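# Structure assessment
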Amino acid sequence: METIVDWLSRLDYVWVGSQLGLLIAVVGYIAWQRRDSNKYHDRRLEIPVPASAAPEQPGNSDEERGVSWKRTNHGVKSGGEGERPAFHFRFEGDACRGRSLVRDKPVRLIFGQGIAATLVQSVSFKGRKFLALFGKEARLAIVIWPGEGLNLDPLGSEAAVARFKDGVLLDEVGFDLFVTKDCPEEVPVTAEFFAGGTKLYGLTFTTRVQSEADEPLAEATSLPPSVVDLDVTDALQDAIGGPTDPAGAGGGDLLLTLELAVGGLMMNLVHTSADAGMVAVGKALNTELDKGSLQTLLAQIRAELGATFYVSDVWNRSSLSPLSSAENEDMTDCFERVASAGSILNMALRSENAEVIRLFDYIEGQPAGTRLTIATSKVFLPFEILYPHQFSKDLPPDERGGMSVKRGDFWGAKFGLEVSYVGAGDYLALVRTHRVAPRKVSLNLNETILGTGSPTPMEIHAKLETGLKGRDVACESSSQCDQMRKILLAAGTTANLVYVYCHGSAADPVAGSLEELHLNEIGQCVVRPAGVAGSEYRNAPIVFLNACYSGATSPMFFTGFLESFRRKGALGLIATSFPVPVMFGAQFGADVVNECVFGTGSLGERVRRLRNSHAVQGNPVPLFYSVQCQLSN
């Protein structure tokens with residue numbers, strides 16, 4: 001009979017070792033997968049289901065799941081060890097009736113975590129890049145834009161900084177509101193999340209409103225969650241890690257929010273820097289500015305500029321150097337007109353208000369190259385020409401007391417300005433779509449704009465097209481009305497930069513007219529914001545409207561082409577706020593296109609560098625170009 005010794009002597013130990021190693025590897029892989037899965041599950045912020053819609057299931061109670069819950073004094077269940085409940089928005093205060101609001105009462109909108117009885121919107125963050133930041137303290141700015149009838153409290157704020165650590169919201173943040181007597185039965189609220197000056201996501205939820213004497217409204221049984229996927233870009237890591245634009249001078253990111261509240265123009269300032277992280281600098285209310293006075297202010301600025309660019313032959317060429325002594329005088333007069341208009345804007349915003357002055361002095365104290373994001377829902381002002389000193393072109397030289405224009409101090413020359421228009425949706429998804437699309441430029445040119453110098457506008461753009469193609473950038477060019485209208489109105493292009501060189505006309509809020517683009521002779525081949533509808537762009541293009549008054553025309557309502565093109569899936573606009581001269585406008589437009597395609601840093605910083613290079617030489621025209629989108633390379 002064979003003994004155990006005999007059997008062992010015949011074993012192939014090499015084969016046994018290989019099989020044992022394979023078994024160990026398989027078992028280790030399974031264990032690693034389970035650990036990784038559990039780790040990711042523990043850190044993911046799950047979407048909660050309101051208690052009314054989630055009956056207890058056998059084996060699924062808090063005690064049976066081994067989760068220790070604690071109930072806070074505001075009725076919110078917060079997770080114990082191993083739990084990461086989703087975030088939410090909820091209402092608290094006199095106006096609350098369940099998840100509905102009662103008119104003519106104050107209410108507080110709170111961003112919290114867990115499941116609340118008055119929860120109106122749940123928010124779940126996902127994405128490994130975002131979750132990785134929860135291993136340390138991370139901060140996001142939250143900006144609230146309430147709909148008509150739900151007013152911001154003049155003593156409150158529409159912007160706040162939320163702090164997170166290990167997936168937990170360290171402190172709830174609140175926003176004081178008031179439900180007006182004439183508030184409609186349903187009112188929307190838009191909440192936007194910013195990292196530094198970078199807009200990440202916007203979501204809109206609607207709450208129902210009733211009078212106090214009405215019967216209570218039936219409670220909703222479920223609430224659709226809003227899932228925010230932050231895995232689409234490195235913008236958040238950039239913002240948390242330091243200044244978004246490495247080419248900047250170390251000032252980090254400034255976020256200035258503007259909103260028309262009941263008592264005037266409300267402002268909030270948030271600063272993100274590598275040293276201090278994200279900090280709420282402060283808030284201010286300018287009681288001198290309302291819808292009517294803002295409209296008057298813009299009219300005053302336009303009048304101060306006057307026919308600045310049509311009084312001299314200096315503009316009848318694409319290059320403004322070298323200049324004769326007479327041309328230098330004309331250019332100086334032009335620059336002083338812009339400084340005078342920018343000083344009016346600065347003084348009106350500051351309005352001898354100590355809190356506003358403190359915020360503006362803080363902004364002024366940041367170094368050149370700092371990125372400044374203006375977030376607004378209803379207010380547009382030409383911040384690029386803001387001049388932070390007192391100056392008037394009407395003062396004779398001998399009465400100015402040595403006062404001269406400091407060319408690099410205009411906000412458009414000093415800061416990387418970007419306007420962020422309020423809106424729901426995944427803005428970073430648009431950024432990703434724009435980035436991954438093959439580089440392609442669509443040039444749409446009004447060939448009837450001839451100019452009086454050489455090279456002509458069409459020759460300037462032909463050189464631009466040749467240069468783009470020479471660097472392997474796909475380029476399509478059109479000057480036919482039907483084709484250009486198809487590109488603008490029907491999204492008939494796969495380009496991720498749509499450039500339009502044409503005439504434009506301003507809106508007249510009194511007459512009720514909106515801005516127009518004239519793609520051919522004046523009055524022919526007209527495009528209006530209302531016509532920019534229907535099909536959406538495939539590759540989230542930047543739309544560059546190189547035309548007079550093409551950006552935004554009324555400080556009362558941020559409508560016009562920006563809102564229309566954003567609805568079509570465009571990333572945003574670059575546009576002019578005031579008339580630009582034909583010849584120089586064509587050349588500067590070509591320079592901006594090249595920066596968009598080949599430049600580095602934030603888009604606002606790229607255009608700032610162009611503006612500043614001209615401003616220091618005495619040319620203010622580039623200050624009339626506004627960046628109304630966000631993009632960093």
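The rules behind the values
Residues numbered from 1 in each chain as written. Predicted model: local features only at pLDDT ≥ 70, side-chain atom pairs only at ≥ 80, totals over all residues. Heavy atoms only, no water. Helix = DSSP H or I, 4+ residues; strand = E, 2+ residues; numbered from the N terminus. Buried < 20%, exposed > 50% of the residue type's maximum accessible area, 1.4 Å probe, protein only. Contact = heavy atoms within 4.5 Å. Areas by Shrake-Rupley, 256 points an atom, 1.4 Å probe, with all protein chains shown as cover. Axes fitted to C-alpha atoms, helices over the stretch in contact; angles between N-to-C directions. Left-handed = near helix turned anticlockwise from the far one by under 90°. Nonpolar A, V, L, I, M, F, W, Y, C, P; charged D, E, K, R; others polar. Pairing = 2+ DSSP bridges. Disulfide = S-S within 2.5 Å.

### Focus on the overall build of the protein chain
- Counting its secondary structure elements, the protein chain contains 14 helices and 30 strands.
- Buried positions account for 53% of the 633 residues belonging to the protein chain.
- A separation threshold of at least 6 residues defines the contact pool for the protein chain, and within that pool the share at least 24 residues apart is 77%.
- Carbon and sulfur atoms form 52% of the exposed surface of the protein chain, whose accessible area is close to 26600 Å².

### A word on the packing of helix 13 (residues 582–598) against helix 14 (residues 603–615)
- Where helix 13 meets helix 14, the axes come as close as 10 Å, and the angle between the chain directions of the two elements is 145°. Of the two elements, helix 13 crosses helix 14, and the hand of that crossing is right-handed. Between helix 13 and helix 14, the residues in contact are F584, F588, D591, V592, E595 and C596 and L603, R606, R609, L610 and H614, respectively.
- A per-class count over the contact of helix 13 with helix 14 returns 6 nonpolar, 1 polar and 4 charged.

### Notes on the sheet that holds strand 27 (residues 526–527)
- Pairing within the open sheet is antiparallel, and its 3 strands lie in the order 25-26-27. Because the sheet does not close on itself, it has two edges, and the strands there are strand 25 (503–505) and strand 27.
- In terms of strand pairing, strand 26 (residues 516–518) meets strand 27 through 2 bridges, oriented antiparallel. The residue of strand 27 that forms the bridge with L517 is V527.

### As for the state of the cysteines
- Using the criterion set out here, one finds 1 disulfide in the structure.
- Cysteine C629 is unpaired, with the sulfur of C596 as its nearest cysteine sulfur at 7.5 Å.
- On the accessibility criterion, C629 (2% relative accessible area) is buried.

### Observations regarding the pairing of strand 9 (residues 138–146)
- In terms of residue burial, strand 9 counts as a mostly covered element, since 8 of its 9 residues are buried.
- Inspection of the sheet shows strand 9 paired to strand 11 (residues 159–165) by 6 bridges, in the antiparallel sense. Following the sheet pairing, A138 is matched in strand 11 by F164.
- Here strand 9 runs beside strand 14 (residues 186–195); their pairing, made up of 6 bridges, is antiparallel. Counterpart to A141 in the pairing with strand 14 is F194.

### Here we look at the pairing of strand 3 (residues 87–92)
- Where burial is concerned, most of strand 3 is hidden: 5 out of the 6 residues are buried.
- Looking at chain direction, strand 3 and strand 6 (residues 105–113) are connected through 6 bridges and run antiparallel. Opposite F87, over in strand 6, you have Q113 as the bridge partner.

### Notes on the sheet that holds strand 18 (residues 264–273)
- Taken in spatial order, the 5 strands make up an open sheet running 19-18-17-20-21, and their pairing is mixed. Every other strand in the sheet has two partners, leaving strand 19 (277–286) and strand 21 (416–421) as the edge strands with one partner each. Each strand axis lies, on average, 20° off the axis of its neighbour in the sheet, ignoring direction.
- One ladder, built from 9 bridges, connects strand 18 with strand 19; its direction is antiparallel. Paired with S273 across the strands is G277, a residue of strand 19.
- Together, strand 17 (253–261), strand 18, strand 19 and strand 20 (371–376) form the strand contacts of helix 7 (residues 354–364), whose direction differs from that of strand 19 by roughly 140°.

### A short note on unusual backbone geometry
- Despite not being glycine, S351 has its phi angle at roughly 50°, a positive value.
- Structurally, S351 can be placed in the loop between helix 6 (325–350) and helix 7.
- On the accessibility criterion, S351 (23% relative accessible area) is partly exposed.

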